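So the chains spell out like this:
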Amino acid sequence: MKTFKLGGVHPDDNKFAHQSSIEVFPLPQQAVLFATQHLGAPSTVVVEKGDKVKVGQLIARGDAFISANLHSPYSGTVNKVDLVADLSGIKKTAIVIDVEGDEWEQDIDLTADIKREITLSPSQIVEKIKEKGIVGLGGACFPTHVKFLIPQGKKAEYMIINAAECEPYITIDHRVMMERTEELLIGACILRDILSLPTVHIGVEHNKADVINHLKEVAKSFKGIKIHTLRTKYPQGAEKQLIKAITKREVPSGKLPIDVGCIVNNVNTALAVYEAVQKNKPLISNYVTYTGKSVKQPKNYLVRLGTPIQSIIEANGGLPEDTEKLISGGPMMGKAIANLDTYITKGFSCVLVINNKEGKRAEINHCIRCAKCVDVCPMGLEPYLLAPLSEKSNWEKMEKMHVMDCIECGSCQYTCPAARPLLDWIRLGKNKTGAMIRARNTK
Amino acid sequence: MALLQFSGSPHIHTDESVKKIMWTVVIALIPTMIFSFLFFGIDAIVLTLVSVLSCVFVEWLIQKFLLKGKTTILDGSAVITGLLLAFNLPSSLPIWMVIVGAIVAIGVAKMTFGGLGNNPFNPALVGRVFLLISFPQQMTTWPKPHYWFTQPSVVTDATTGATPLGVIKTGIAQGQDVSQLMDTLPTYVQMLLGERGGSLGEVAALAIIAGGLFMLIRKVISWHIPVAFIGSAFVFAAILHLVNANIYIPPSYHILSGGLLLGAIFMATDMVTSPMSNWGKIIFGIGCGVLTIIIRVAGSYPEGVSFAILIMNALVPLINKGFKPKRFGTHKIKSI
């Protein structure tokens, strides 16, 4: 079985919701859509207070090279365009919509038919992906169309679909692969065809044996799809690690996957691409897992963007008594939710309820030089040296020790027997070092 | 409901802790301890108890009254130092010397540097070497173990016997041949089971190996240091033996004699005082192995494990600088 070589940890799976089918979450009465829901230049709001909108109508436009469009997931009236606090409590421009009914734009294909035949040309497909506001749904929300604008002198040799879902707890990729198999495989083929490659590679971790069997079964009716079974190890779903596992190529320090001829997209992105290209449907909803050790019934939902996070919690009878922390995303890389009064955005994959037993940080001890952090670092760094350097604000030394290679996977802090907050310090150091490098380059 | 917490990822943590690691090592040391009690009787029990208690007590005293801070005696690290110190002493050593050894081990070698995690040298070995240099006669007088399985009726409390390595050292110095000497020494089977003179914890090879395997399975140690240590000692001793079999004993005898196994499995693998990267660990192990044999065959002491490990401990910062872990993305990309 394939996997990446360096480092990695094995946290408990806790994929409680992997058997529960995706449920469509009811529409809210009022929704709030942040204008910029991607990584890159901010989008421009193109609606005003009082405008009537339909589902699928463009409400914010990405003008810059790296930017993305946003479409209304609701029909109704724009209540206001205002600053609203996001997950971290930072105020951002948002469009507030009063939801009235569920009226869709005419050109969106709402039938359940599965359209296999790809009629558009590669450039038309990329244009469609751009127009429909597709971003990478693995978490980073990088505009998908930009990945396919391949720089001169580089050549794509591998189209990889990231289906590792290596984060514990999250089960949306798992459910999507079980329930929307054919569509996402068509999506994968579309991505493959953009690059005119013979094969698209899908990497799935071994702990999802049912998915692997099902995918292989359905893929029999397709040509040029290769399913790779990967040995379960965190962080397999990290781009560089996945490329290493499937192609044995290592993305050099400071370079991009395209530098080794690879383009990686998440399974959910592949599904969104299918919907955009074959059904003309923009990215207006997300698959979201609601789970946690103390959650009675972990669930997977299909949620429209802009739905209040609170409503998902309320639909499940409120937070459990022993809640310590709420996480957006997985327990290894997810963000703690600082502001509960906020809304679902593109790429939001999981509301994870961490109970006080697993969420309490242990008392910090002296480093005993056990070298476990060095052993588990998938980038081959030395967290035990980086963290103290960060405490001493020694950014120059941190740069020399390659802190910018850190992918913030959290394996070091997870594994540290002395419970040292390694990644807390390294993340700070990486930010400061990055700022220092940028300042130097602009001089 | 209480306020929700907010902090950076990762939000989960492994079950491992410093305490768990330390107590795992203590458990791994138990077979060796039981064998030492069987071989050396009540003396061994008293010595081990005194050593462990004084190590823990010295740490507590220093933390409580000198540093006036938190006491961490329950983390098990002082217990390990106490056990390992006892395992490196002959059972006939006067009790007050054991206490001196414990004070040096914890007080000088560990707490002066800032306690667990900051000591450059293995505390138990510093304690042992201090005693060896200060009280050479008492430290090299070895009571014969009670050969309980082959001669159950013989009571040997009063007799003393040299260690196999000591016999060889003096024998060769007097011009005797290795093959002659080997006849007077314990056989391999006797060595494995511990039927020979020596310190408390170094005689029962099988018990040490069992403890080592337990630590390997629990991932408290990695294979690199023990394998490199024992392997390099074997290879180096084999070369010497091939060059002149008359004055150099067979390599396998080197491995089983003295404190080599105890050193390679329990002392050199000490996390705090060993290198961080896997290649660093291998270099460290090779250094320990080669130095051990050099001291054994060329030094004035018959045994060299403690000195070898301490010398390599001193080189650890240098090794950490020179042998970095393999970084991701430093391969040359194949042309595409």
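Residues numbered from 1 in each chain as written. Chains lettered and ligands numbered in written order. Predicted model: local features only at pLDDT ≥ 70, side-chain atom pairs only at ≥ 80, totals over all residues.

## What to know about helix α4 (residues 181–194) of chain A
Residue and element names in this part refer to chain A. For α4, which comprises 14 residues, the first-to-last C-alpha distance of 20 Å matches the rise-based estimate of 20 Å (1.5 Å per residue) to within 8%. Within α4, 11 of the 14 residues are buried, which leaves it mostly tucked inside the rest of the structure. Here α4 has its buried residues at Glu183, Leu184, Leu185, Ile186, Gly187, Ala188, Cys189, Ile190, Leu191, Arg192 and Ile194. (Helix = DSSP H or I, 4+ residues; strand = E, 2+ residues; numbered from the N terminus. Expected span 1.5 Å × (residues − 1). Buried ≥ 20, exposed ≤ 12 C-beta atoms within 10 Å, placed from the backbone.)

## Topic: the pairing of strand β5 (residues 58–61) of chain A
Residue and element names in this part refer to chain A. Alignment of strand β3 (residues 44–45) against β5, held across two bridges, turns out to be antiparallel. Note on β5: the bridge partner recorded for threonine 44 is arginine 61. Bridge count for β5 against strand β6 (residues 70–71) is two bridges, and the pairing is antiparallel. What sits directly across from leucine 58, in β6, is histidine 71. (Pairing = 2+ DSSP bridges.)

## As for unusual backbone geometry
A cis amide bond links Tyr234(A) with the next residue in sequence, Pro235(A), at an omega value of 0 degrees. Along the polypeptide, Pro235(A) turns up in the loop between β11 (225–230) and α6 (239–247). A cis amide bond links Ser9(B) to the next residue, Pro10(B), at an omega of -5 degrees. Residue position: Pro10(B) is located in the segment before α1 (18–66).

## Comments concerning the environment of Ile263(A)
All names here are of chain A. Topologically, isoleucine 263 is positioned in strand β12 (residues 262–266). The buried category is assigned to isoleucine 263, around which 24 C-beta atoms lie within 10 Å. Each C-alpha atom, one on isoleucine 263 and one on leucine 191, is 9.6 Å from the other, the two residues being 72 residues apart in sequence. Filtering out sequence-adjacent residues up to four positions away, isoleucine 263 remains in contact with Lys147, Ala156, Met159, Ile160, Leu195, Pro257 and Ile258. (Contact = placed C-beta atoms within 7 Å.)

## Here's the deal with helix α3 (residues 172–179) of chain A
One full turn of an α-helix is made of 3.6 residues, so residues set three or four places apart face in the same direction. The buried fraction of α3(A) is high, at six of eight residues. Residues of α3(A) that are buried: Ile172(A), Asp173(A), His174(A), Arg175(A), Val176(A) and Met177(A).

## Considering the sheet that holds β5(A)
With antiparallel pairing, three strands are arranged side by side in an open sheet as β3-β5-β6 (chain A). Looking at strand neighbours, the two that pair on one side only are β3 and β6 of chain A, the edges of this open sheet.

## Some points on the sheet that holds strand β14 (residues 299–304) of chain A
Sheet strands line up and pair through hydrogen bonds in the backbone, either parallel or antiparallel. Residue and element names in this part refer to chain A. Spatial ordering of the open sheet is given by β1-β14-β13-β17-β15-β16, a layout of six strands whose pairing is mixed. Two strands close off the open sheet at either side, each with one partner strand: β1 (22–24) and β16 (335–336). Across two bridges, the pairing between strand β15 (residues 323–328) and β16 is antiparallel. Within β16, the residue paired with isoleucine 327 across the bridge is alanine 336. Sheet contacts for α3: β1, β13 (285–292) and β14; angle to β13, the most-contacted strand, approximately 125 degrees. (Axes fitted to C-alpha atoms, helices over the stretch in contact; angles between N-to-C directions.)

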